[in-house]
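# Structural description and commentary
The lines below spell out each chain.
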Amino acid sequence: MMTACEKYLDLLEFLSKKKVFGRLSVYPAIGVDGLVALFAERVIGLNWEPYDIEGILNHLSPILPSDLISKLRTRLEKNLTYIARIDASRLDLISQELEPYRNISPKSLILKGLFENIFLREWDIDLERFYNVPLSHAEIIAKDWIREIINWLNIGDNIINFDRNLIPFLTEQDVLREKDLGIQDLGADFDTTYTVNNVPIVLLPQFVRVFERM
């Protein structure tokens, strides 16, 4: 698991060197993936569940090299703004929360775990819980969400996509241009999810595709 985490960190470092994170990174459905804060200048994380720095570190420290734990704490304190109790499928809520940051450019939108954790689930207000939705319904929601979020981005902003399920909806957008980063995609079998007692904690992908808003 340590090797998978190190490979994911190498991938994030590569993106940082390519300067695709920009001045600000918006990360819907961030969960406990504070690892991005090690490399991005500033991260706005949106999530339904609230996690503080200690919670993030407690979840990630078992798979981190020891020398990175204190560094991650410092970077989280400096670089991460965590906004909880946000249903990331609701673009009206996202737009409202992110309005103060819209004119910051260049910036990036990080898509990771969004399809599985957001579009395949819907919030039931009456029962106050999430429930699963059919795949076909999730795909419709995801396609509409991608189209609308692109309108929120400025020309020159990037979409950093780790989510294989969203690739078809990104490649069909006329206002997006994919950047050739020279990364070989070895397939989904090489992506790893760190789990504890069969509960997924964080996805550690080995691939990424980056699209620029034109």
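Preceding this section is the structure that the text describes.
Before going into details, it helps to say that this report is about the structure given with it. (Residues numbered from 1 in each chain as written. Predicted model: local features only at pLDDT ≥ 70, side-chain atom pairs only at ≥ 80, totals over all residues. Heavy atoms only, no water.)

### Topic: the packing of aromatic side chains
- Within the structure shown, the criterion is met by four aromatic pairs.
- The interplanar angle of 75 degrees and the centroid separation of 6.5 Å between the aromatic rings of Y51 and Y82 together place this pair among those described as edge-to-face. Of this pair, Y51 sits in the loop between β2 (43-46) and α2 (53-60) while Y82 sits in strand β3 (residues 80-83); the two residues are 31 residues apart in sequence, bridging distant segments of the chain.
- On the basis of relative accessible area, Y51 is assigned to the partly exposed category, the value being 29%.
- Measuring from ring centre to ring centre gives 5.6 Å for F119 and W145, while their planes differ by 65 degrees; the resulting arrangement is edge-to-face. Within this pair, whereas F119 is found in helix α5 (residues 114-119), its partner W145 is found in helix α6 (residues 135-152), the two being separated by 26 residues in sequence.
- In textbook terms, an aromatic cluster arises when at least three aromatic residues are bridged by ring pairs, as seen for F115, F119 and W145.
- Its guanidinium or amino end placed over the ring of W152, K107 lies 5.0 Å from that ring's centre, counting from NZ or CZ. (Phe/Tyr/Trp six-rings, centres within 6.5 Å; stacked < 30°, edge-to-face > 60°. Helix = DSSP H or I, 4+ residues; strand = E, 2+ residues; numbered from the N terminus. Buried < 20%, exposed > 50% of the residue type's maximum accessible area, 1.4 Å probe, protein only. Lys NZ or Arg CZ within 6 Å of the ring centre and 35° of its normal.)

### Some details on the nonpolar core
- Core analysis: the biggest nonpolar cluster contains 39 residues, and L15, F21, L35, V36, I160 and F162 have the highest contact counts within it.
- Within the residue set of this core, elements represented by two or more residues are α1 (2-17), α2, α3 (66-79), β3 and β10 (199-204).
- By residue number, the principal contributor to this core is α1, which donates seven residues.
- Not counting chain neighbours up to four residues away, the residues in contact with F162 comprise Y8, L11, L12, L15, I110, L111, K112, P205, F207 and V208.
- With 34 residues, the next largest nonpolar core counts A29, I44, L98 and W152 among its residues. (Core = buried A, V, L, I, M, F, W, Y, C linked by side-chain atoms within 4.5 Å. Contact = heavy atoms within 4.5 Å.)

### Considerations on the environment of I56
- Within the secondary structure layout, I56 lies in helix α2.
- Overall, the relative accessible area of 1% leaves I56 in the buried class.
- Aside from chain neighbours lying at most four places away, what touches I56 is V32, G34, Y51, L76, L80 and Y82.

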